[in-house]
Amino acid sequence: MLRFFSVVALALSLTAVPTGVFAQTGSAPSASPPISTVIPAPAVAASSYLLLDMASNQVLLAVSADEPREPASLTKLMTAYLAFSALRDKMIGLDQKVSISERAKSAIGSRMFADPRVPVSVDELLHGMIIQSGNDASIALAELIAGDETTFAAMMNAQAQKMGMTKTHFINSTGLPDPQHYSTAADMVKLAAALIRDFPDYYPLYSQKEYRYNNITQKNRNRLLTTDPYVDGVKTGFTDSAGWCLIASAKRGDRRLLSVVLGADSDIARASENQKLLNWGYQAFDVVQLYPAGEPVSKLPVWKGNAPEVAAGFLNDRYLSVPKGQSDKLQIKLVTQEPLTAPIRKGQNVGTVQVQFAGTRMAEFPLVAQEDVAIGSLLRRGWDAMRLWFK
């Protein structure tokens, strides 16, 4: 459940700083300083793991999340992202028939058992890759989109860089082992979050529990789809060297959490360890809305303009994850540019909102002008110039 808190009720204070000295918070998940919760974090039996609250974009818990590891079939999330992008851009179509190459047919590991003698639709290949984790389907999609898998891997790496996946490198579309094929829990959660956010029409494929193709029915290997009614994705992975991996996503009400577990000891363990993380995230944290997009946080003084002040606020709704029942420990400080001189454009950065929890800095959000302020009259500009001289 998302709870709304007016920023003015959270001890808002105003500070002016010289233009350009404040930092901006990007769109990548942010790891807040550790904060104590009433419910202690679970012990997770895995080499690397992470829990993200998608509402606030905050990492709630992370262990060895920046350590490069083999992603196994979690790789197919990027293959799917590029396939969905190609569908969106009309480069391919769901009903388009694809001939299965000998290379795709002979792929080792999990397969959808596509037959080179029978053309397969893009829609069937997506089901085979996402639900059955078919390596043959992944290679067929890669060859369709890029001509060959090597070129497709270059596209994967380019997209990874756009997403800020700085510790990821792909060699293939499947996740089959290679010393130069690696990622991290922190990078993988960025990819999963982007896929859910950017392709809501295709994401429901990840909740499908089984798929039948070529008279063979295969179950989705994500056990949580059958044991937790709130889980609706996303992807499993396994190789002998990677261990048992799972990225899981659950949505309870309006709130979505993403958990990543890499290197668990078994199929059952990767599910149970993800379940621990998801349950803890919902039980230990509330999500509060600091302020909705489009509503002014404050009115800021403007110099040399045709108006004495400008409304400032957020471009997007801003949320924070805080330990359950402790939202009263939030403190908000508004840091503005000084002097703020016309002309000012709507959407222009004019300051930051700094958030502390129990005295520890927790987050920082850019503050933008919500309206234009044009240059004032010659008299106004002269008067303000004189005032600034003596200020």
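Scroll up a little and you will see the structure.
Not measured: the values here are computed from a predicted model.

### Brief notes about the pairing of strand β19 (residues 360-369)
So, point 1. Of all 10 residues making up β19, 8 are buried, and the element is well covered by its neighbours.
So, point 2. Taken together, the 2 bridges between strand β15 (residues 309-313) and β19 define a ladder with antiparallel strand orientation. Paired with Ala 312 across the bridge in β19 is Ala 369.
So, point 3. As judged from the 8 bridges shared by strand β18 (residues 349-357) and β19, these two strands associate in the antiparallel manner. When the sheet's bridge partners are listed, Phe 357 is paired in β19 with Thr 360.

### Considering a nonpolar patch on the surface
So, point 1. A contiguous nonpolar surface patch, about 590 Å² in accessible area, is contributed by Trp 383, Met 386, Trp 389 and Phe 390.
So, point 2. As for its placement among the helices and strands, Met 386 is situated in helix α9 (residues 378-390).
So, point 3. Residue Met 386 is classed as partly exposed on the basis of its relative accessible area, which comes to 41%.

### Quick word on the nonpolar core
So, point 1. Formed by 65 residues in total, the largest nonpolar core has its most connected members in Met 78, Phe 84, Leu 125, Leu 126, Tyr 206 and Ile 247.
So, point 2. Excluding its chain neighbours within four sequence positions, the residues that come into contact with Leu 125 are Val 98, Ile 100, Met 112, Val 120, Ala 137, Ala 140 and Leu 141.
So, point 3. Counting residues in hydrophobic clusters, the runner-up holds 27 residues, among them Val 310, Phe 314, Phe 357 and Val 373.

### Digging into empty space enclosed by the protein
Regions of empty space are outlined by a rolling probe, equal in size to a water molecule, passed over the atoms.
So, point 1. Applying the stated criterion across every chain yields a total of 1 cavity of 30 Å³ or more.
So, point 2. When its volume is computed, the largest cavity comes out at roughly 40 Å³.
So, point 3. The wall of the largest cavity is formed by Ile 130, Ile 131, Ser 133, Asn 220, Arg 221, Val 234, Lys 235 and Thr 236.
So, point 4. A total of 3 residues in the lining of the largest cavity trace back to one element, the largest contributor, which is strand β10 (residues 231-239).
So, point 5. For the lining of the largest cavity, the residue count by class is 3 nonpolar, 3 polar and 2 charged.

### Quick look at the side chain of Thr 184
So, point 1. With respect to the helices and strands, Thr 184 occurs in the loop between α5 (149-162) and α6 (185-198).
So, point 2. In this structure the side chain of Thr 184 is engaged in a polar contact, spanning 3.5 Å, whose partner is the backbone oxygen of Ala 65.
So, point 3. Other than its neighbours up to four places away in sequence, Thr 184 contacts Ala 65, Asp 66, Glu 67, Pro 68, Lys 167, Thr 168 and Leu 262.

### Comments concerning helix α8 (residues 267-284)
So, point 1. An ideal rise of 1.5 Å per residue puts 26 Å on 18 residues; α8 measures up with 26 Å between its terminal C-alpha atoms.
So, point 2. Across the 18 residues that make up α8, a large majority, 13, are buried.

### Topic: the packing of aromatic side chains
So, point 1. Under the counting rule described, the total for this entry stands at 7 aromatic pairs.
So, point 2. Relative to Phe 199, the ring of Phe 84 has its centre 5.5 Å away and its plane inclined at 55°; by these criteria the two rings are tilted. Of this pair, Phe 84 sits in helix α1 (residues 76-88) while Phe 199 sits in the loop between α6 and β8 (210-213), placing them 115 residues apart in sequence. In this structure, Phe 84 and Phe 199 share a single accessibility class: buried.
So, point 3. Each ring, one from Phe 84 and one from Tyr 202, has its centre 4.7 Å from the other, and the planes form 10°; the classification is stacked. Placement of the pair is Phe 84 in helix α1 and Tyr 202 in the loop between α6 and β8, with a sequence separation of 118 residues.
So, point 4. Judged by relative accessible area, which is 0%, Phe 84 ranks as buried.
So, point 5. In this structure Tyr 202 comes out as partly exposed when scored by relative accessible area, which is 21%.
So, point 6. Pairwise contacts between aromatic rings join Tyr 81, Phe 84, Phe 199 and Tyr 202 into one cluster.
So, point 7. Above the ring of Phe 314, the side-chain terminus of Arg 318 is found at 5.9 Å from the ring centroid.

Cut-offs applied
- Residues numbered from 1 in each chain as written.
- Predicted model: local features only at pLDDT ≥ 70, side-chain atom pairs only at ≥ 80, totals over all residues.
- Heavy atoms only, no water.
- Buried < 20%, exposed > 50% of the residue type's maximum accessible area, 1.4 Å probe, protein only.
- Helix = DSSP H or I, 4+ residues; strand = E, 2+ residues; numbered from the N terminus.
- Pairing = 2+ DSSP bridges.
- Patch = residues over 30% accessible without salt bridge, like charges linked within 9 Å, V, L, I, M, F, W, Y side chains within 5 Å.
- Areas by Shrake-Rupley, 256 points an atom, 1.4 Å probe, with all protein chains shown as cover.
- Salt bridge = Lys/Arg side-chain N within 4 Å of Asp/Glu carboxyl O.
- Core = buried A, V, L, I, M, F, W, Y, C linked by side-chain atoms within 4.5 Å.
- Contact = heavy atoms within 4.5 Å.
- 1 Å grid on protein atoms, 1.4 Å probe; cavity = no way out; pocket = protein on both sides within 12 Å on 5 of 7 lines; lining within 4 Å.
- Points joined across faces, edges and corners; volume = space filled by probe spheres on them.
- Nonpolar A, V, L, I, M, F, W, Y, C, P; charged D, E, K, R; others polar.
- Polar contact = N/O pair within 3.5 Å; in protein donor to acceptor, adjacent residues only side chain to side chain.
- Expected span 1.5 Å × (residues − 1).
- Phe/Tyr/Trp six-rings, centres within 6.5 Å; stacked < 30°, edge-to-face > 60°.
- Lys NZ or Arg CZ within 6 Å of the ring centre and 35° of its normal.

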